[in-house]
4 protein chains.
Amino acid sequence: MIRHYCGLFGINSRQEAARHAYFGLYAQQHRGQESAGIATWDGTTLHEHRGMGLVPDVFNEVVLQQLPGDYAIGHVRYGTSSTSSLRNAQPFIVHHQGMDIALAHNGKLVNAEELRRELEEDGAIFRTASDCEIFVHLIVRAMRRKDLESAVVDACSRVRGSYCLLLLIGNKLIGLRDPLGIHPLVLGQLEDCHVLVSETCALDLLEAEYLRLVEPGEMVVIQNGRVHSIRLAPTQTPKQCIFELVYFGRPDSLIFDEQVYLCRKRMGWQLAFESTPDVDFVMPFPDSGVYAAIGFAQCAELPYEHAMIRNHYVGRTFIQPTQGMRNFSVRVKINPVRAMIEGKRICIVDDSIVRGTTMLTRVKKLRELGAKEVHIRISCPPVRFPCCYGIDFASRGELIAASKSVEEIKCILGVDSLNYLSLEGLARSVAHSDYYCRACLTGEYPVPPEEGCGRQVCGK
Amino acid sequence: MIRHYCGLFGINSRQEAARHAYFGLYAQQHRGQESAGIATWDGTTLHEHRGMGLVPDVFNEVVLQQLPGDYAIGHVRYGTSSTSSLRNAQPFIVHHQGMDIALAHNGKLVNAEELRRELEEDGAIFRTASDCEIFVHLIVRAMRRKDLESAVVDACSRVRGSYCLLLLIGNKLIGLRDPLGIHPLVLGQLEDCHVLVSETCALDLLEAEYLRLVEPGEMVVIQNGRVHSIRLAPTQTPKQCIFELVYFGRPDSLIFDEQVYLCRKRMGWQLAFESTPDVDFVMPFPDSGVYAAIGFAQCAELPYEHAMIRNHYVGRTFIQPTQGMRNFSVRVKINPVRAMIEGKRICIVDDSIVRGTTMLTRVKKLRELGAKEVHIRISCPPVRFPCCYGIDFASRGELIAASKSVEEIKCILGVDSLNYLSLEGLARSVAHSDYYCRACLTGEYPVPPEEGCGRQVCGK
Amino acid sequence: MIRHYCGLFGINSRQEAARHAYFGLYAQQHRGQESAGIATWDGTTLHEHRGMGLVPDVFNEVVLQQLPGDYAIGHVRYGTSSTSSLRNAQPFIVHHQGMDIALAHNGKLVNAEELRRELEEDGAIFRTASDCEIFVHLIVRAMRRKDLESAVVDACSRVRGSYCLLLLIGNKLIGLRDPLGIHPLVLGQLEDCHVLVSETCALDLLEAEYLRLVEPGEMVVIQNGRVHSIRLAPTQTPKQCIFELVYFGRPDSLIFDEQVYLCRKRMGWQLAFESTPDVDFVMPFPDSGVYAAIGFAQCAELPYEHAMIRNHYVGRTFIQPTQGMRNFSVRVKINPVRAMIEGKRICIVDDSIVRGTTMLTRVKKLRELGAKEVHIRISCPPVRFPCCYGIDFASRGELIAASKSVEEIKCILGVDSLNYLSLEGLARSVAHSDYYCRACLTGEYPVPPEEGCGRQVCGK
Amino acid sequence: MIRHYCGLFGINSRQEAARHAYFGLYAQQHRGQESAGIATWDGTTLHEHRGMGLVPDVFNEVVLQQLPGDYAIGHVRYGTSSTSSLRNAQPFIVHHQGMDIALAHNGKLVNAEELRRELEEDGAIFRTASDCEIFVHLIVRAMRRKDLESAVVDACSRVRGSYCLLLLIGNKLIGLRDPLGIHPLVLGQLEDCHVLVSETCALDLLEAEYLRLVEPGEMVVIQNGRVHSIRLAPTQTPKQCIFELVYFGRPDSLIFDEQVYLCRKRMGWQLAFESTPDVDFVMPFPDSGVYAAIGFAQCAELPYEHAMIRNHYVGRTFIQPTQGMRNFSVRVKINPVRAMIEGKRICIVDDSIVRGTTMLTRVKKLRELGAKEVHIRISCPPVRFPCCYGIDFASRGELIAASKSVEEIKCILGVDSLNYLSLEGLARSVAHSDYYCRACLTGEYPVPPEEGCGRQVCGK
């Protein structure tokens, strides 16, 4: 499975800020299921609670009572750059010269190792493996000579890679996106207070109004009900992560000012336009492929079916199956409707093939149930290069498309046909195709990765 | 929300019987989310564990270790006839004359009060409010004069209503359905052992083979690897619960030998055939309406869209929203995709309207987002009568269709048009339309209800 | 270890009855650490909560909120007659003919098997292995012809053995002791309401006033602020359990109208009077031997020391020690003060030797630390016969004094001298020596035990 | 209540090091009940687990499985210098230049604020309020120029106050005591591995052998089975905390090479020697006063009684009593034996009076029960000055002896006589009276406290 990014939430001057953060994270739970945390400021003290697991498992009424205050930032995390543990859960809190700072981060620095080494030589001590802590050290060091905002700008000038940051310092709430705007961050309004979230679905749940994107390279400082904007770097062409639209974002969200639902439908439409097999119907692997499949079916004028059923209770921890239960983890998630499969020519639409193992198991199952033909259409070009900015596609050498041609993958999967969306098709599916990072598809990295990222995996 | 029935699972002569029961219940979790329980027999002792909550919350590895044995029955429950508490969770266990009996029940007796009174007059003591305990008393009393199987037949001759029973007594596993077969029960095979489940999706998860329905009025006795069949009552026309197909069953299940997915698609098709509005697209309220909407869209030759997004993490307990968050519980479950709604003429397909309040909130939301027209199509006739056999549609007088005409409901909801599937259309959607109980739609109760059930609510 | 009896608590017409029960059980925790339960009556409904573990583990504020009402009975249990499980935890609740009955029991019936068989033949079904359920069946059967009080009297006429019962039926609270008064039950007053408890230490914690013993063979019915007394059987010489004074009772309690502290001190005094060794000091094994040791030291005019230190945190579950940690469970409970042991002649006073294994380990430890002489004095005669009325001294054949002489035990333990208190000495330590059951010491059972109890173990 | 210090445990080259640490902390639970933590090193990775609560609540088998390795340090904490929260729980873990460091600390620095300010000016960031983190920063900074051992020595030269430290860095285990040796730390041996503990009772539980004190101002470095000793500072007269002997230590421990039991007995003996009232008997308030009371009774040739009974289950969290239950928290802990109090002249021996409130309640209770005379003897001189090295006697101005004379306290308590042990008597009770810090009794602080500690409270 592709590991998600993180989800961010910030709010200022709002009673029960922690409760709002809870729901803001809850709506963005799909962005990180490993840990969750909230920090609040009550005018004198910074409070925090972090835990492993889903938002409703980490927080309850008793915990919320211990998070008083009108200011909050929150974070859900799916570990990318660091190992999985409570210590790495965010927000990250420090005390420095009488000041309490809470920081939450979504992204991945490419020069983290170098910065960490340099800071350690200067006496810095690290408690976690998270990039967050690097920011904190850089900011604190810069604050010896500068005010807070300038120190943050200074810190950002030192780092390279992807980063979306939220800072809560007293009743000042700061949000920023890296100069390429790799990850999303938007500004919303809830009555007289401001909200910063990764995805607009969090605004919808809170019934907050969407104001605008935080721009790439922009830092917004929210204080006393006013939003002040500071540029971190000269404007350049954004390179936003195309996978937010292909895979990560909730379809009801607006991300990078694009409606995710429509983008996916257009990807499906383009995909059908490029190559429609002669089949009885189109169906997705729920839930990731649903929207592309709908677009595909409409363009291809083929019936749309929903013949793989998802178990809604999956996601909770459960006990180990018995040894005899082969492919259990695949089967427990989705189960095909037998009567729809037997004797049918089927076109499956999905958004990606990473290692190919899950796809292979599912195709085999369809064959077992008597599918006459199985055609696969993928609503994104092949993922051939690793992401250096935060997506954990797969461990090294595991990306099937990195070393195999489409024809070879087709043979491995044993399907009647296999097509990926073309880069042109993908470009046509979004509003500003120039504004996207497509490094995992093309190998063209907008920020030069550290030694090791792109090269080792793909042999360049 | 319509409350589900219960889910049953039984297995004989299988190592790790409890682990199999765990997964058999897990696959049927949608049938009961209030409590779960498993009883096992290890050759000398009956073990049990029951708890409130979902299957993965009630059981873990430590608990499973305490459920040794090769024989198991399990139960998931959504309270119908009794109050919600651990005491009422099943299986129900008794010790009688050196014999340990475990019993699990899905259904509702209409003469429960009468039997309970009679048994109490004869000295019986009740620990729970469950119908299960009535069966136990009847069986034990009959066993004074008869062998076990005859005693069960005898007990069944005393009760009226709906019932599916599983009994585990030593290494004997018994399953039975009432003479009308109101609830489902099927027999499967897993290598050399037999499995009894409510829905076939549990067989799929275990990779067990589907053998056949337990027939209405049939009792199957499984022992030493053999299945023996006993008739409880003369054959009569079955009256199976139509709502299993309309709403309860998982779409990938075979229920009453009908493929749920196909039935729902046919209901949608018939519905479109009866009345198709002039709209831009068709969409379901996920997930209940998905399959009827697909059938509807195909018949009506309209685009199918999936423009209401379900939050996959809902279902877990979460904290209370703030006071300002109106209609929170509706909003947290599904969120519309704004860009798809504005200026559109939309046809919503769903499977039922019970009280109308949720539907009203959702329609209002669509209007707020700028829907030009909203048409509702319901893939089942109006639910005008209470169910006396186990479905908890709503408390008295709350069934909107019991007192309002379709035209009135349309006005209340403020929609441009509203149509329900006709009884004829429903009949055409299933294989043997005579074999179904439609009392909630027609008021014709196949088993005369106790004073109070049908009458009081509907004023007949 | 000697397993304790159970502890009972009942209260009527008191706000927050459950909270009072909580503290009433908390004060009597030493009487049962295996499970705890409370049932309350709120005027219309009987509520209950039971759980495995200590009172503070089973109950919390949330649970107490679910136990509303002004009437409560509670129970702590140390399994004697039935296996250890939540199902056997008390109070035992039944519904019968519109009436809710809660029952809690301390004792053990000698004709339980016979009654159980007889009731089962009459159609009774048992859910538990507890004697409680036998009472319930007997009472309910008798109520067909009689009012409640008479039915209870009738039920008591059928059983033989030891029993203290509390019943809560609506706003009627009933307490009773068997005709021999084997177990304790006292009546107290808290402002205008009545309280029934096993030991007076529970009254002290609640600041309730001690009124009087419930007499052997007396049933008290508390309703509308009045206490009504009914005799269960003709008055006879009581046979109260001497071990309540020797071992079970809290030293600050009044049991059978005797002050436990003083009784134990007198036992120690008598013991010293009968045989005082020439030693440097006297010390107890805490905490059981403390009070007898104090009496012993005073009579013998020897220094009292407290040179074995008890770990106050023992009692909680903890993880398993490593394999190398021999005799860990003994060592973790008490640790000797090295400097007090080396080169010393020591007299240990304790209240009993059951199997002798723990004593042996402790004596060895003292020898290891350099004790010059170790003398043991036991403040009770040898336990040579099993108890048939509820004490679980040890499993069969394990009572060291049943098959070994005092001289043999002395050799096994490897001590310099060993003396037990004489029967006469014990008699002199209590107020009415005729009023006590001493069957475990003499083999004279006041209620003839069922086949098997006394005989099999002791070979008579 | 007087808040305890912390307890430390370290072990090297021992399989199941975490399990040993668990029991080593368990035996020292009395030294800190607020949080517990263990860090282990498995040859490549440092693992840790910390939690709020008692050792058995924080750790279980599952947690222990996640703490592999042959090296461990552990910590139990009763918050002194910092607020109570998981973040402040120890051991404290940092990563620095590829090295993992775990550190546990018992003590309190008097120049913490100054050091913290200075370090922050140099760019250090603090995550906690614990002194531990100051040490870490000092050590890491010193390591830029020096090896580890020298860096630790250097760090210690910067701090003032009390400190006992354990460090685990790879397979090197370091323990040290501050130059005055204010807190205890001893070295033990378990077969071929070494153990560092605060009190010897932890060695006893593990059956480890006691080797020797870690000397004041000594740092021991344990690696490859060898112990290497380094001096932190020139030898000076130790100033060990006298309250370890008076109150904190377990009586079965050897602390500062003194047997705690004997010291307390001698304090009681001296106390009786200084002033014995004419009473019927002597009794302690359990458990703190037991050993002094025994010594007192022996010197005074008065009977020793144990007439206040301690509830062994106290210590667990329990629910709030009802409003009517006055003085509940006192009563729930100990309950007097009524029959022993009435008409008696009683001498109570206890180890300290801090605020006087608990003592007042207990004396009132004895009067209520009819005590004819109540005399108090305290086995330590009046605590008149705050501790600056880690004991949290009471918040400011609350020390009753700081502002009241003994005569005034006697009047406030309403007792017939009140005597404290003299400073000379205390000196005679220990082996090397010069080696102890008695600042809380005399106001002579061996390390000059920061502005504020001694002065503000006591008005000097």
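The structure presented is a predicted model; accordingly, all values stated were derived computationally and were not measured. (Residues numbered from 1 in each chain as written. Chains lettered and ligands numbered in written order. Predicted model: local features only at pLDDT ≥ 70, side-chain atom pairs only at ≥ 80, totals over all residues. Heavy atoms only, no water.)

Asker: I keep staring at the overall build of chain A and nothing clicks. Help me out?
Answerer: A tally of helices and strands in chain A yields 18 helices and 23 strands. Taking 23 Å as the expected radius of gyration for a compact globule of 460 residues, we find that chain A reaches 23 Å, a close match to that expectation. For chain A, the spread of C-alpha atoms along the three principal axes comes to 70 × 50 × 45 Å. In chain A, which comprises 460 residues, the proportion classed as buried is 66%. Put simply, of all contacts in chain A between residues at least 6 apart along the chain, 69% involve residues at least 24 apart. Accessible surface, chain A as shown: approximately 15,800 Å² in total, 46% of it carbon and sulfur. Side-chain charges in chain A split into 50 positive and 53 negative, and the spacing between the mean points of these groups amounts to 5 Å. (Helix = DSSP H or I, 4+ residues; strand = E, 2+ residues; numbered from the N terminus. Rg over C-alpha atoms; globule rule 2.2 N^0.38 Å. Buried < 20%, exposed > 50% of the residue type's maximum accessible area, 1.4 Å probe, protein only. Contact = heavy atoms within 4.5 Å. Areas by Shrake-Rupley, 256 points an atom, 1.4 Å probe, with all protein chains shown as cover. Lys, Arg positive; Asp, Glu negative; His and termini not counted. Charge placed at Lys NZ, Arg CZ, Asp CG, Glu CD.)

Asker: Hey, could you run me through the interface of chain A and chain B in this one?
Answerer: When the parts of a complex come together, some accessible area is lost, and that lost area is often taken as the interface size. Contacts between the two partners involve 62 residues from chain A and, on the opposite side, 63 residues from chain B. Across the chain A/chain B interface, buried area totals approximately 5,600 Å², and carbon plus sulfur atoms make up 58% of it. On the surface where chain A and chain B come into contact, there are six salt bridges. Note that Glu207 of chain A and Arg331 of chain B form a salt bridge whose closest N and O atoms lie 3.2 Å from each other. The interface formed by chain A and chain B holds 22 residue pairs in polar contact (both at pLDDT 80 or more) in total. Of the residues forming the side of chain A that touches chain B, the biggest block, five residues, is contributed by helix α1 (residues 17–26) of chain A. In terms of residue class, the side of chain A that touches chain B is made up of 30 nonpolar, 15 polar and 17 charged. (Buried area = accessible area lost by both parts, 1.4 Å probe. Salt bridge = Lys/Arg side-chain N within 4 Å of Asp/Glu carboxyl O. Polar contact = N/O pair within 3.5 Å; in protein donor to acceptor, adjacent residues only side chain to side chain. Nonpolar A, V, L, I, M, F, W, Y, C, P; charged D, E, K, R; others polar.)

Asker: Sorry, what's going on with the packing of aromatic side chains here?
Answerer: All names here are of chain A. All chains considered together, the criterion is met by 38 aromatic pairs over all chains. Taking the centre distance of 5.2 Å and the plane angle of 55° together, the rings of Tyr261 and Tyr291 count as tilted. Remark: Tyr291 occurs in helix α10 (residues 290–300) and Tyr261 occurs in helix α9 (residues 260–274); sequence separation between them is 30 residues. Each member of the pair, Tyr261 as well as Tyr291, carries the same accessibility label: buried. (Phe/Tyr/Trp six-rings, centres within 6.5 Å; stacked < 30°, edge-to-face > 60°.)

Asker: So what exactly am I meant to see when it comes to the interface of chain C and chain D here?
Answerer: If you look at the interface, chain C gives 62 residues, while chain D gives 62 residues. Counting the contacts that link chain C with chain D gives six salt bridges. Counting the contacts that link chain C with chain D gives 22 residue pairs in polar contact (both at pLDDT 80 or more). Here the side of chain C that touches chain D is built from residues that sort into 30 nonpolar, 15 polar and 17 charged.

Asker: Explain the packing of helix α4 (residues 112–121) of chain C against helix α5 (residues 131–143) of chain C here, please?
Answerer: For any two helices packed against each other, one specifies the inter-axial angle together with the distance between the axes. Residue and element names in this part refer to chain C. Packing of α4 against α5 brings their axes to within 10 Å, and their N-to-C directions diverge by 50°. The pairing of α4 with α5 is recorded here as oblique in orientation. The element α4 and its partner α5 pack so that their crossing is left-handed. Facing α4, whose interface residues are Ala112, Leu115, Arg116 and Leu119, α5 presents Asp131, Ile134, His137, Leu138 and Arg141. (Axes fitted to C-alpha atoms, helices over the stretch in contact; angles between N-to-C directions. Parallel < 35°, antiparallel > 145°, perpendicular 65-115°, else oblique. Left-handed = near helix turned anticlockwise from the far one by under 90°.)

Asker: Could you clarify how one ought to interpret the arrangement of the chains in this entry?
Answerer: When C-alpha atoms are compared, chain A and chain C, though not in contact, are closest at a spacing of 12 Å. Separated in space, chain B and chain D share no contact, their closest pair of C-alpha atoms being 11 Å apart.

Asker: In this structure, what is going on with the relation of the copies chain A and chain B? I would like to understand it.
Answerer: A rotation about some axis, followed by a shift along it, carries one copy of the chain onto the other. When chain A is fitted to chain B, the residual RMSD is 0.1 Å, and the transformation amounts to a turn of 180° plus an axial shift of 0.1 Å. What the superposition gives is, in effect, a two-fold axis relating one chain to the other. The C-alpha atom lying nearest the rotation axis in chain A is that of His312 of chain A; the distance is 3.5 Å. (Least-squares fit on C-alpha atoms with pLDDT ≥ 70 in both.)

Asker: How should the sheet that holds strand β21 (residues 373–378) of chain A be read in this particular structure?
Answerer: Picture the strands of a sheet paired through backbone hydrogen bonds; they go either parallel or antiparallel. Residue and element names in this part refer to chain A. Sheet architecture is open: four strands sit in the order β17-β20-β21-β22, paired in parallel fashion. Across the chains shown, the open sheet's two edge strands, defined by having one partner strand only, are β17 (281–284) and β22 (417–420). Adjacent strand axes in the sheet meet at a mean angle of 20°, parallel and antiparallel pairs treated alike. Inspection of the sheet shows β21 paired to β22 by four bridges, in the parallel sense. Across the sheet, residue Arg377 finds its bridge partner in β22, namely Asn419. Each of β17, β20 (345–350) and β21 is contacted by α10, which is oriented at about 165° to β17, the strand it contacts most. Those strands touched by helix α13 (residues 357–368) are β17, β20 and β21, and its axis lies near 150° from that of β21. (Pairing = 2+ DSSP bridges.)

Asker: Whenever I open this one, α5 of chain C confuses me. Can you help?
Answerer: Given 3.6 residues per turn, any residue in an α-helix points the same way as the ones three and four places further on. Here α5 of chain C spans 19 Å end to end across 13 residues, near enough to the 18 Å set by a 1.5 Å rise per residue. Most of α5 of chain C is tucked away, with 13 of its 13 residues classed as buried. (Expected span 1.5 Å × (residues − 1).)

Asker: What is the right way to read unusual backbone geometry from this model?
Answerer: Glycine aside, negative phi is the norm for most residues, and most peptide bonds take the trans geometry. Omega for the bond connecting Gln90 of chain B with Pro91 of chain B falls within 30 degrees of zero, at 0°, which places this linkage in the cis form. The topology assignment puts Pro91 of chain B in the loop between β4 (71–77) and β5 (92–96). The amide bond that connects Pro286 of chain D to the next residue, Asp287 of chain D, takes the cis arrangement and shows omega of -10°. Checked against the element boundaries, Asp287 of chain D lands in the loop between β17 (281–284) and α10 (290–300). Phi is positive for Glu207 of chain A, close to 60°, though the residue is something other than glycine. Structurally, the position occupied by Glu207 of chain A is in the loop between α7 (200–206) and β11 (209–213).

Asker: Any chance you could explain the pairing of strand β10 (residues 193–197) of chain C here in plain terms?
Answerer: For a regular strand, the rule is simple: side chains alternate between the two faces of the sheet. Residue and element names in this part refer to chain C. Most of β10 is tucked away, with five of its five residues classed as buried. Of the two faces of β10, the one lined by Cys193, Val195 and Val197 and the one lined by His194 and Leu196 are each fully buried. Both strand β9 (residues 186–190) and β10 contribute to a ladder of five bridges, which runs antiparallel. Paired with Leu190 across the strands is Cys193, a residue of β10.

Asker: Would you mind showing me how to read the pattern of salt bridges here?
Answerer: Pairing of side chains with opposite charge becomes possible as their charged atoms draw close. In this structure the tally under the stated criterion is 97 salt bridges over all chains. With its nearest N and O atoms 3.0 Å apart, the salt bridge here joins Arg345 of chain A to Asp280 of chain A. Remark: Asp280 of chain A occurs in the loop between α9 and β17 and Arg345 of chain A occurs in strand β20; sequence separation between them is 65 residues. Asp280 of chain A gets classed as partly exposed once you look at its relative accessible area, which sits at 27%. Note that Arg250 of chain D and Asp252 of chain D form a salt bridge whose closest N and O atoms lie 2.8 Å from each other. For the pair formed by Arg250 of chain D and Asp252 of chain D, the shared burial category is buried. In this structure, a network of salt bridges that share partners links the residues Glu16, Arg19 and Glu61 of chain A.

Asker: Looking at this model, I keep getting lost on the packing of α9 of chain A against α10 of chain A. Mind explaining?
Answerer: All names here are of chain A. Interaxial distance between α9 and α10 falls to 6 Å at its minimum, and their mutual angle equals 45°. Judged on the interaxial angle alone, α10 and α9 are oblique. As for the relative orientation of α9 and α10, their crossing is right-handed in sense. Listed contacts from α10 to Tyr261, Arg264, Lys265, Gly268, Trp269, Leu271, Ala272 and Phe273 of α9 are Tyr291, Ala292, Ile294, Gly295, Phe296, Gln298, Cys299 and Ala300. When the residues that make up the contact of α9 with α10 are grouped by side-chain class, the tally is eleven nonpolar, three polar and two charged.

Asker: Explain the side chain of Thr128 of chain D to me, please; I cannot follow it from the model alone.
Answerer: Structurally, Thr128 of chain D can be placed in the loop between α4 (112–121) and α5 (131–143). The exposure class assigned to Thr128 of chain D is buried, which follows from its relative accessible area of 1%. Within the local environment of Thr128 of chain D, its side chain forms a polar contact with the backbone nitrogen of Ser130 of chain D, the two atoms lying 3.1 Å apart. Discounting residues that sit within four places of it in the chain, Thr128 of chain D has contacts with His95 of chain A together with Arg87, Asn88, Phe92, Arg116 and Glu133 of chain D.

Asker: For this particular structure, what's the right way to read the sheet that holds strand β7 (residues 161–169) of chain D?
Answerer: Residues and elements named next belong to chain D. Strand order across the open sheet formed by six strands is β5-β6-β7-β8-β12-β13, with antiparallel pairing between neighbours. A strand with exactly one partner marks an edge of an open sheet, and here the two such strands are β5 (92–96) and β13 (226–231). Each strand axis lies, on average, 20° off the axis of its neighbour in the sheet, ignoring direction. Across five bridges, the pairing between β5 and strand β6 (residues 99–109) is antiparallel. Counterpart to Phe92 in the pairing with β6 is Leu103.

Asker: Can you walk me through a nonpolar patch on the surface in this structure?
Answerer: A contiguous nonpolar patch, built from Met52 and Leu86 of chain A together with Met52 and Leu86 of chain D and spanning about 310 Å² of accessible area, is present on the exposed surface. Note that Met52 of chain A resides in strand β3 (residues 46–52). (Patch = residues over 30% accessible without salt bridge, like charges linked within 9 Å, V, L, I, M, F, W, Y side chains within 5 Å.)

Treat this as a map of the structure, not an account of what it does.
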